[in-house]
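As a plain string of letters, each chain reads:
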Amino acid sequence: MARPTVEQDSKVFIATLRKLDPGTEAQAKALALELVKNCKYPIFASMDGDQARARPVSPVRTEGFVVYIANLKLYHKTVELAANPKCELVYVNEGHDQVRLTGVAEVLTDRAILQQIWDANPLLRQYLGTIENPALIVYRVKPVRVRYMKEWALEYHEVAVD
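What counts as what
- Residues numbered from 1 in each chain as written.
- Predicted model: local features only at pLDDT ≥ 70, side-chain atom pairs only at ≥ 80, totals over all residues.
- Heavy atoms only, no water.
- Helix = DSSP H or I, 4+ residues; strand = E, 2+ residues; numbered from the N terminus.
- Contact = heavy atoms within 4.5 Å.
- Areas by Shrake-Rupley, 256 points an atom, 1.4 Å probe, with all protein chains shown as cover.
- Phe/Tyr/Trp six-rings, centres within 6.5 Å; stacked < 30°, edge-to-face > 60°.
- Lys NZ or Arg CZ within 6 Å of the ring centre and 35° of its normal.
- Salt bridge = Lys/Arg side-chain N within 4 Å of Asp/Glu carboxyl O.
- Pairing = 2+ DSSP bridges.
- Buried < 20%, exposed > 50% of the residue type's maximum accessible area, 1.4 Å probe, protein only.

Draft legend 1. Up close: the overall build of the protein chain. For the protein chain, the count of helices and strands is five helices and eight strands. Counting from the amino terminus, the protein chain carries its helices and strands in the arrangement α-α-β-β-β-β-α-β-β-α-α-β-β. A fraction of 64% describes how many contacts in the protein chain between residues 6 or more apart in sequence connect residues 24 or more apart. When the accessible area of the protein chain is evaluated, it comes to approximately 9,900 Å², of which 56% is carbon and sulfur surface.

Draft legend 2. Broad picture of the packing of aromatic side chains. Taken as a whole and judged by the stated rule, the model has zero aromatic pairs. One cation-aromatic arrangement involves Arg61 over Tyr68; the distance from NZ or CZ to the ring centre is 5.7 Å. A cation over an aromatic ring shows up here: Arg147 above the ring of Tyr156, its NZ or CZ 4.8 Å from the ring centre.

Draft legend 3. Spatial organisation of the pattern of salt bridges. Per the stated rule, a full pass over the model turns up nine salt bridges. Sharing partners across several salt bridges, the network here consists of Glu106, Arg140 and Lys142.

Draft legend 4. Broad picture of the pairing of strand 2 (residues 51–56). Examined bridge by bridge, strand 1 (residues 43–48) and strand 2 share six bridges and lie antiparallel to one another. The residue of strand 2 that forms the bridge with Ala45 is Ala54. Counting the residues that bridge the hairpin from strand 1 to strand 2 gives two residues, and of these Gly49 lies at a positive phi of roughly 70°.

Draft legend 5. How the structure looks around the side chain of Thr78. As for its position among the elements, Thr78 is in helix 3 (residues 76–83). When its relative accessible area of 15% is taken as the criterion, Thr78 is described as buried. In this structure Thr78 touches Asn71, Leu72, Lys73, Ile137 and Tyr139, once residues within four positions along its chain are discounted.

Draft legend 6. Looking closely at the environment of Glu151. Along the polypeptide, Glu151 turns up in the loop between strand 7 (136–149) and strand 8 (157–159). Separated by 56 residues in sequence, Glu151 and Gly95 have C-alpha atoms that sit 6.2 Å apart.

These values are about where atoms sit, not about what they do.
So this is what it looks like as structure tokens:
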């Protein structure tokens, strides 16, 4: 009996890792939304000139795939996002499922949403004292692309960003 080639072994390995049926966009979107909802500390990447910078963040609000991140003006990502608002959030759960949310960060100016975020986040209130604190910036990351991967399946599923 002929022994399987490395290529054949790899195909079998990858096929067993894939637990998401191909072509199930609704399933991929539901799984991606659930992962984003439950992952407390995604990794946020931005560009510092020609150097990528990544750090964990704690979103203060999430609406589907739109993510709000509180920031202080003195943090370096303020300068980075002013120069280049393109960014990416990476969510990974304990089972190694991933969501990569590629987007554009904009400074939130909607006072009603800012007030809702302020009211829902006691840590912001405790640390900053007032919503009028000039050190506070809240970024709204609007997605332009969302991809979901089950475990280490080595294949991302594009997710609709409605």
